[in-house]
Amino acid sequence: MVSTHPTGVQHSGSQYLPQRHDTKANPSPNQELLPLTAKVHNHDSLEIGGCDVTTLVEQFGSPLYILDEETLRSGCQQYRDSFKQYYKGESQVLYASKAWNCLAVCAIAASEGLGIDVASGGELYTALQAGVNPEKIYLHNNNKSREELIFATEVGCTIVVDNWHELRTLLEIVESANSPSVHPRFLLRLTPGIECHTHEYIRTGQLDSKFGFDPNELEELFTFVSKQSFLNCVGLHAHIGSQIFERQPHRDLAALMVKWLRDAAKYGLKLTELNVGGGLGIKYIESDDPPSIEEWVKPICEVIQEACAAENLPLPKLLCEPGRSLIATACVTAYTIGSSKVIPEIRTYIAIDGGMSDNPRPITYQSVYRAVVANKMSSPLTETVTIAGKHCESGDILIHNALLPKTEPGDILVVMGTGAYNYSMASNYNRLPRPAAVVVANGEANLILQRETYEDLIRQDRLPERLKGASSFGRFIIYGKM
Ligand code: LLP
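Residues numbered from 1 in each chain as written. Predicted model: local features only at pLDDT ≥ 70, side-chain atom pairs only at ≥ 80, totals over all residues. Heavy atoms only, no water.

Take helix α4 (residues 121-129) next. Every buried residue of α4 is accounted for by G121, E123, L124, T126 and A127. Those residues of α4 that are buried lie in contact with α3 (103-111), β6 (115-118), β7 (137-139) and α5 (146-155). Regarding α4, its N-cap is S120, as a side-chain oxygen of that residue lies 3.3 Å from the backbone nitrogen of G122 further along. Positive backbone phi, approximately 90°, marks G131, located one or two places after α4. (Buried < 20%, exposed > 50% of the residue type's maximum accessible area, 1.4 Å probe, protein only. Helix = DSSP H or I, 4+ residues; strand = E, 2+ residues; numbered from the N terminus. Contact = heavy atoms within 4.5 Å. Polar contact = N/O pair within 3.5 Å; in protein donor to acceptor, adjacent residues only side chain to side chain.)

Printed below as a string of structure tokens:
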């Protein structure tokens, strides 16, 4: 089956190139399929960040996460500049690093002036090692351990307190520190009761959610917090979910949060920060139509400004914490095509050298992706195939019914939009070493995550003395580094 456009033009992988090359000067990355620097060169080859993708795979191995620095920076700048343009008060964009937390990504986001939202002690540690100023780090999650709370307090980042247990633990930490200088700075996370249309696993704003204080207990909560002179409550937080295309839920959230701010003031709490969370969706397939970054930021600013004026409240410092819309489109994953299986009249499977371990989203959320063949960008799309991962699991399918040119073993398959929640949710299922990642810019590629080796896989294994030599083979064959 040859795919043709209504105009009679044959489709090829080039159709996914960013709009920058025709109409838009500064496209919103989340509305594109390929990174902003993607081009076809030598007629048939995909280039990202000035680097030939097939050559990158030869250099760094396969599978390979390829992160386009310009796309990530452009997203950071668009968020930052939209707040400057539409919000009269102070603002701070935080990168929700759960989407992809590693040294290089945190460092790039921070160098664009963004703060970092971290969801655990491990993410906090990484952000600090990347050189991020702790005053611009916000710690999340719904069950922070005492150690995580102490760590955050000691380094001086802001804690987003999720529940009563945490609030009391924080108070105990302050009391036991017995030091007048320990005043943890925190926001209270509230559940807004706003529903949005996204996968149920990534919805968080509805009342039946594990996250945040129930808004029905605001009175008790504000009374309690207002009496704690050692705790430095500076604001409120809410997050309604992820991969959201609708515009109304965030407007409703902004209006509701200003009401909460007004209510807090009645208890003598002078709160100066509002954090509206993240959630802006991205285009994974042609029919996805998310708002641009600017279209997402503008109404939130307008609603908060209008509501504050109506309530006669000073403008709070406005924060948001996008993850996916900053990083997803900036990255592609390159795989090498291997075996295939043709089941006549039913399906053709094409297998790649990765799968659910480097991208668990299709098997977890039935997420859909598009792919191109990096060394056949101008070839007509003539085959409908199923892209299978290499794991021992029938459900390990990355893409159903992918439209591709005719492929052969050794071709480089590039799956688009893999920057968010791929590496960060990657596993070693079947003891596959996790892939390497490179950042590309101006024709240069730098390693940001080294490929795991077989040695890495057993680094934390321990073989008790009594089991040594217990196998009938009784000796160990030591292979060199993979
Ligand atoms: N803030 C909080 C408190 C969050 O929980 C999240 C995402 C974000 C910000 C960033 O949301 P974003 O802008 O990325 O939509 N693993 C799932 C997504 C889980 C989202 C978790 N929280 C996936 O692969 O789709």
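So, about the site of the ligand. In the region of the ligand, 20 residues are neighbours, and S242, E321, R324, R361 and Y421 sit closest. Side-chain polar atom of Y421 to an oxygen atom of the ligand: 2.7 Å apart, as the coordinates give it. Taking 590 Å² as the accessible area of the ligand by itself, protein coverage stands at 91%. Here the shell around the ligand gathers at least three residues from each of two domains, domain 1 (25-68 + 329-455) and domain 2 (69-327). (Near = heavy atom within 4 Å. Areas by Shrake-Rupley, 256 points an atom, 1.4 Å probe, with all protein chains shown as cover. Domains from an automatic or database assignment.)

This part is about the packing of helix α2 (residues 69-86) against α3. At a closest axis distance of 9 Å, the pairing of α2 and α3 adopts a crossing angle of 45°. The pairing of α2 with α3 is recorded here as oblique in orientation. In this structure, α2 crosses over α3, and the sense of that crossing is right-handed. Contacts between α2 and α3 involve E69, L72, R73 and C76 from the former and V105, I108, A109 and S111 from the latter. Broken down by class, the residue content of the contact of α2 with α3 amounts to five nonpolar, one polar and two charged. (Axes fitted to C-alpha atoms, helices over the stretch in contact; angles between N-to-C directions. Parallel < 35°, antiparallel > 145°, perpendicular 65-115°, else oblique. Left-handed = near helix turned anticlockwise from the far one by under 90°. Nonpolar A, V, L, I, M, F, W, Y, C, P; charged D, E, K, R; others polar.)

Moving on to the pattern of salt bridges. In this structure the tally under the stated criterion is 21 salt bridges. Here R459 makes a salt bridge to D456, at a shortest N to O gap of 2.4 Å. You can call R459 partly exposed: its relative accessible area is 48%. Linked through salt bridges whose partners overlap, the residues forming this network are E69, R73, R80, D81 and E112. (Salt bridge = Lys/Arg side-chain N within 4 Å of Asp/Glu carboxyl O.)

What follows covers the sheet that holds β6. Strands sit in the order β5-β6-β7-β8-β9-β10-β11-β12 around a closed barrel of eight strands; the barrel is parallel. Shown here is a sheet whose adjacent strand axes are inclined to one another by a mean of 30°, direction ignored. Both strand β5 (residues 91-96) and β6 contribute to a ladder of three bridges, which runs parallel. Among the inter-strand pairings, L94 is bridged to a residue of β6, identified as G115. (Pairing = 2+ DSSP bridges.)

Partitioning the chain into domains gives domain 1 (25-68 + 329-455) and domain 2 (69-327). One C-alpha centre belongs to domain 1, the other to domain 2; they are set 32 Å apart. Facing 37 residues of domain 1, the contacting portion of domain 2 comprises 35 residues. For the pair domain 1 and domain 2, the summed buried area comes to about 2,900 Å², and 59% of that belongs to carbon and sulfur atoms. Area buried by domain 1 at its contact with domain 2 is led by N30, Q31 and Y421, which between them contribute 20% of it. Counting across the interface, domain 1 meets domain 2 through one salt bridge. The partner of E286 in a salt bridge is R370, with the nearest N and O atoms 2.7 Å apart. Inspection of the region where domain 1 meets domain 2 yields 18 residue pairs in polar contact (both at pLDDT 80 or more). Counting only elements with at least two residues in the side of domain 1 that touches domain 2, the list comes to β4 (64-68), α11 (361-365), β19 (436-441) and β20 (444-449). Per-element tally for the side of domain 1 that touches domain 2: the top contributor is β19, with four residues. For the side of domain 1 that touches domain 2, a count of residues per class yields 21 nonpolar, 12 polar and four charged. (Buried area = accessible area lost by both parts, 1.4 Å probe.)

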